[in-house]
Amino acid sequence: MKIRVYYEDTDVGGVVYHSNYLNFCERARSEAFFEKGMSPVMQNGHFVVKDIQASYIASAKLGEILYVKTALMELKRVSFKLRQEVYRDEEKLFEMDITLAFVDFEGKIKKLEPQNLEILNLLFT
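So, here is what we can say about the structure in this document. Fair warning: this is a prediction, and the values are worked out from it, not measured in the lab.

## Considering the overall build of the protein chain
No. 1: A count of helical and extended segments in the protein chain gives two helices and five strands.
No. 2: Counted from the first residue to the last, the protein chain has its helices and strands arranged as β-α-β-β-β-β-α.
No. 3: Here the C-alpha atoms of the protein chain give a radius of gyration of 15 Å, agreeing with the 14 Å that 2.2 N^0.38 yields for 125 residues.
No. 4: With the principal axes as the frame, the protein chain shows a C-alpha extent of 45 × 25 × 25 Å.
No. 5: The contacts of the protein chain with a sequence gap of at least 6 include a subset with a gap of at least 24, amounting to 63%.
No. 6: As presented, the protein chain carries roughly 7400 Å² of accessible surface, and 49% of it is formed by carbon and sulfur atoms.

What follows is the structure, given as structure tokens:
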């Protein structure tokens, strides 16, 4: 997914603020659903972040075009793990492994239905 760095994404020096890399990755995950005419909020629940391991490699700056790449690393009955990387051209700036768990609307962990497992496999592979 392509992202432009806007002023709101940066600090006073025009460098992307560290938490915005997480926002860029969130947008890419949501966009994967939207591109297929779907929503990350499903009729019987939604996803919450269980774990994040992040590495900041280099800084992005105001006005640059970035690309977020997303790959499915692991798919279980109640969670899935993605590797997301942010690039400027061919230079990797940021990477993270994120585990998302599926919960119902009361916040209780819930098993994903087989068709939802198929959807995740389709979206992120």
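## Side note on the sheet that holds strand 4 (residues 79-88)
No. 1: Reading across from one edge, 1-3-4-5-2 is the order of the five strands in this open sheet, with antiparallel pairing throughout. Of all strands in the sheet, those bounded by a partner on one side alone are strand 1 (2-4) and strand 2 (46-56). Across the sheet, the mean angle from the axis of one strand to that of its neighbour is 30°, orientation sign disregarded.
No. 2: One ladder, built from ten bridges, connects strand 4 with strand 5 (residues 91-103); its direction is antiparallel. Its bridge partner being in strand 5, glutamate 85 is matched across the sheet by glutamate 95.
No. 3: Contacting strand 2, strand 3 (65-75) and strand 4, helix 2 (residues 114-124) runs over the sheet at an angle of about 140° to strand 3.

## Quick notes on the pattern of salt bridges
No. 1: Taken as a whole, this structure holds six salt bridges when the rule is applied.
No. 2: Salt-bridge contacts for arginine 83 lead to aspartate 97; the nearest nitrogen and oxygen are separated by 2.6 Å. A residue pair is termed long-range when its members are at least 10 positions apart, and arginine 83 in strand 4 and aspartate 97 in strand 5 qualify at 14 residues.
No. 3: Given a relative accessible area of 16%, aspartate 97 falls into the buried group.
No. 4: A salt bridge links lysine 92 to glutamate 85, with the nearest nitrogen and oxygen atoms 3.1 Å apart.
No. 5: On the basis of relative accessible area, glutamate 85 is assigned to the buried category, the value being 15%.
No. 6: Counted as one network, the salt bridges with shared partners bring together Glu64, Arg88 and Glu91.

Cut-off values and rules
- Residues numbered from 1 in each chain as written.
- Predicted model: local features only at pLDDT ≥ 70, side-chain atom pairs only at ≥ 80, totals over all residues.
- Heavy atoms only, no water.
- Helix = DSSP H or I, 4+ residues; strand = E, 2+ residues; numbered from the N terminus.
- Rg over C-alpha atoms; globule rule 2.2 N^0.38 Å.
- Contact = heavy atoms within 4.5 Å.
- Areas by Shrake-Rupley, 256 points an atom, 1.4 Å probe, with all protein chains shown as cover.
- Pairing = 2+ DSSP bridges.
- Axes fitted to C-alpha atoms, helices over the stretch in contact; angles between N-to-C directions.
- Salt bridge = Lys/Arg side-chain N within 4 Å of Asp/Glu carboxyl O.
- Buried < 20%, exposed > 50% of the residue type's maximum accessible area, 1.4 Å probe, protein only.

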